[in-house]
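Close look at the chain arrangement
Chain by chain, the residues:
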Amino acid sequence: MAGPQQDIQPALETRLVHHAYRPPAEFESPAVPVHKGSTVYFPTVAAMRSRDWKDKSAYTYGLHGTPTSFTLEERMATVEGGQFCLLAPSGLSAITVVDMALLATGDELLIPDNAYGPGKAFAEGELRQWGIATRYYNAMDPADLARCITPATRLVWLEAPGSVTLEYPDIPALVAVVQAANQQRAEGARRIVTALDNTWGAGVAFAPFSLGVDISMQAMTKYPSGGGDVLMGSVVTRDASLHRQLLLCHMRLGLGVGANDIELVLRGLPNMVLRYHAQDRATRELAQWMQQQPAVAQVFHPALPGSPGHEHWQRTATAAACLFSVVFQPQFSAEQVDAVCDRLKLFKLGYSWAGPVSLVVPYDIASMRQQPWPYANRLLRFAVGLEAVEDLKADLLQAMAHLA
Ligand SMILES: *Cc1c(COP(=O)(O)O)cnc(C)c1O
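Residues numbered from 1 in each chain as written. Predicted model: local features only at pLDDT ≥ 70, side-chain atom pairs only at ≥ 80, totals over all residues. Heavy atoms only, no water.

1. Let's talk about the nonpolar core
Our working rule: Only buried Ala, Val, Leu, Ile, Met, Phe, Trp, Tyr and Cys residues count toward a nonpolar core, and they belong to the same one when joined by side-chain atoms within 4.5 Å. Burial classes follow relative accessibility: with a 1.4 Å probe on protein chains only, a residue under 20% of its type's maximum area counts as buried, one over 50% as exposed, and anything between as partly exposed. The numbering of helices and of strands both runs from the N terminus, where a helix is a DSSP run of H or I of at least 4 residues and a strand a run of E of at least 2. Boundaries of every domain are those given by an automatic assignment or by a domain database. Residues count as neighbours in contact if any of their non-hydrogen atoms are within 4.5 Å of one another.
Counting residues in each nonpolar core, the largest one holds 93 residues, and the members touching the most others are L72, W200, M290, F328 and F382. Top element by residues in this core is helix α10 (residues 272–291). It accounts for seven residues. Both of domain 1 (45–271) and domain 2 (272–403) provide at least three residues apiece to this core. Apart from residues lying up to four places away in sequence, M290 is in contact with V296, V299, F324, V326, F382, L396 and M400. The next biggest cluster of nonpolar side chains, apart from the first, holds 30 residues, and it includes F122, Y136, W157 and L246.

Here you go:
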């Protein structure tokens, strides 16, 4: 009598894990495949021992890269005109990984006084606690940068234009100050590295490495994403040994970026240049129009004659981002300026920028700066989205009606 038929197949639960089917390899479409994996397989022990992820020649572990993350790194290196890129989970973590990779106890860091605030907060918090001192220089005065450099200076941050107030510095002049200081250092002494926060330029307004910087960092949260829905940062270099130093610190910190977030950025990147220029046009039109409003004392936008550093922008850039800032006439109270924000309908109150929705934030600049700020009033920073300019003007007009 025959017993139950001998089933040589593994049980269903095993077959659901180890499935024999392999799809054919030739699928191609505009989308970059979203590869996921903490675990990565190796065909042999020899492969496990010999594979190197650091030069992107192989895969070893999810944190060390996938076809999806390597693809975005290569594309961001292209955006910035650099050669090497690493991705961080936010723009801020891209700033802090540069600081941590390059600075040790006893070193000094220089940051523009008008730099992105949370980067200054990291310097005042963790870096100070680790015995790394920070000095703040006036980015509009290369001589002030020269005065701030000491033998302990190791890293100089640059930002064009300044955060919120949008003063446009002379980046080549600032880089020249650092290069001159490096030339005076003794043979074998550690060089000062320059790192640019290029979130505003995004790789579109100017080519960062043509200005002489060593590192270009971006909050990809802004233009590369373009959706207001992803947080990510990039650190791009042209120097292989500098990249290696950054990459090893990045690995030891365990910084990783999720495949679904990478997918969103890869989808937005092909139209980033179009978005940049469309938002630039709309922003310039609104900034010029705001300058003519009687309640307005000053508009900050690097492409406007009279805006601080306009001549530097004109010499080194060919486009401008979607930001402008406004100071109202001194007779208006802080409450009246806040009320403009509360009355806006299309402009939402919110941080970040370069997404589809126009945004506004009121800032009390004097409280954010070491150096004096000449305006008593609040400053409103506007970020222009993708709405029709005429609708945005109408929104601003109705929100400013109580200032008439
Ligand atoms: C937004 C921004 C950052 C930080 O990016 P997050 O992704 O929000 O951390 C850094 N620098 C500048 C100039 C920014 O605008």
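2. A few points about the site of the ligand
Keep this limit in mind: Here a residue is near a molecule or strand as soon as one of its heavy atoms is found within 4 Å of it. Here a polar contact means two N or O atoms within 3.5 Å. Within protein one must be a hydrogen donor candidate and the other an acceptor candidate, and residues neighboring in sequence count only if both atoms are side-chain atoms. Throughout, the Shrake-Rupley method with a 1.4 Å probe supplies accessible areas, and for residues the shown protein chains are the sole cover considered. Residue type decides the class: Asp, Glu, Lys and Arg count as charged, Ala, Val, Leu, Ile, Met, Phe, Trp, Tyr, Cys and Pro as nonpolar, and the leftover types, Gly among them, as polar.
If you check the shell around the ligand, you find 13 residues, and the closest are G91, L92, D197, T221 and K222. Contact distances for the ligand include 2.6 Å between an oxygen atom and a side-chain N or O atom of K222. Within the side chain of W353, a nitrogen or oxygen atom sits 3.5 Å from an oxygen atom of the ligand. Computed on the free molecule, the ligand has an accessible area of 380 Å², of which 89% lies beneath the protein chains in the complex. Sorting elements by how many residues they give to the shell around the ligand places helix α4 (residues 91–102) first, with three residues. For the shell around the ligand, the class distribution of residues is six nonpolar, four polar and three charged.

3. As for the sheet that holds strand β8 (residues 296–300)
Where we set the bar: Strand pairing is assigned whenever DSSP identifies at least 2 bridges connecting the two strands.
Judged by pairing direction, the sheet is mixed, and its five strands sit side by side in the order β8-β9-β12-β11-β10 without closing on themselves. Because the sheet does not close on itself, it has two edges, and the strands there are β8 and β10 (348–349). Here β8 runs beside strand β9 (residues 323–328); their pairing, made up of four bridges, is antiparallel. In the sheet register, F300 faces β9, and the bridge partner there is S325.

4. What about the domain arrangement of the chain?
Interfaces are often described in size by the accessible area the parts lose on coming together. Our working definition: A quick way to say it: buried area is the sum, across both parts, of accessible area lost when two parts are put together, with a 1.4 Å probe. The term salt bridge refers to a pairing of a side-chain nitrogen on Lys or Arg with a carboxyl oxygen on Asp or Glu at a separation within 4 Å.
The domain architecture assigned to the chain consists of domain 1 (45–271) and domain 2 (272–403). Computed over C-alpha atoms only, the centres of domain 1 and domain 2 are separated by 27 Å. Taken together, the contact between domain 1 and domain 2 spans 39 residues of the former and 38 residues of the latter. Carbon and sulfur atoms supply 61% of the area that domain 1 and domain 2 bury against each other, a total of about 3,100 Å² over both sides. The largest share of the area that domain 1 buries against domain 2 comes from V164, W200 and Y223, three residues that together contribute 25% of it. Where domain 1 touches domain 2, the interface holds one salt bridge.

5. Description of the environment of Y61
With respect to the element layout, Y61 can be found in the loop between α2 (45–50) and α3 (67–80). For the pair Y61 and M251, spaced 190 residues apart in sequence, the C-alpha to C-alpha distance is 11 Å. Look past the residues within four positions of Y61 in its chain and what remains in contact with it is S38 and V40.

6. Points about the side chain of T150
Note on placement: T150 falls in the loop between α6 (142–148) and β4 (153–159). Not counting residues up to four positions away in its chain, the partners in contact with T150 are E108, R135 and R185.

7. Here's the deal with the sheet that holds strand β5 (residues 193–197)
For clarity, the threshold we go by: Angles run from 0 to 180 degrees between N-to-C directions of axes, and those axes are lines fitted to C-alpha atoms, restricted for helices to the stretch in contact.
Spatial ordering of the open sheet is given by β1-β7-β6-β5-β4-β2-β3, a layout of seven strands whose pairing is mixed. Since the sheet does not close on itself, it has two edges, and those belong to β1 (84–88) and β3 (133–137), each with one partner. For this sheet the average axis-to-axis angle between neighbouring strands, irrespective of direction, equals 20 degrees. By the bridge criterion, five bridges tie β1 to strand β7 (residues 233–237) in an arrangement that is antiparallel. Bridge assignment links L86 to a residue of β7, and that residue is V235.

8. Regarding the packing of α10 against helix α13 (residues 389–400)
This is how it is decided: Here roughly perpendicular refers to angles of 65 to 115 degrees, roughly parallel to angles under 35, roughly antiparallel to angles over 145, and oblique to all remaining angles. It is the rotation of the near helix from the far one that decides the hand of a crossing: anticlockwise by less than a right angle makes it left-handed, clockwise makes it right-handed.
At their nearest, the axes of α10 and α13 sit 10 Å apart, and the two run at 30 degrees to each other. The orientation of α10 with respect to α13, classified from their angle, is roughly parallel. Judged by the sense of rotation from one axis to the other, the crossing of α10 with α13 is right-handed. Residues A282, E285, L286, W289 and M290 of α10 form the contact with α13, whose own contacting residues are V389, E390, L392, K393, L396, L397 and M400.

9. Comments concerning unusual backbone geometry
Omega for the peptide link from A160 to P161 comes to -5 degrees, which places this bond in the cis form. With respect to the secondary-structure elements, P161 resides in the loop between β4 and α7 (171–184). Backbone geometry at K56 places phi at a positive 60 degrees, although glycine is not the residue there. Mapped onto the elements, K56 comes out in the loop between α2 and α3. Notably, L166 is not glycine yet its phi reads approximately 60 degrees, a positive angle. Relative to the assigned elements, L166 resides in the loop between β4 and α7. The class for L166 is buried, based on a relative accessible area of 1%.

10. A word on the state of the cysteines
Operational definition: Disulfides are defined as cysteine sulfur pairs within 2.5 Å.
Under the definition given, this model contains zero disulfides. A disulfide-free cysteine, C341 has its sulfur positioned 17 Å from the sulfur of C322, the nearest such atom. On the accessibility criterion, C341 (4% relative accessible area) is buried.

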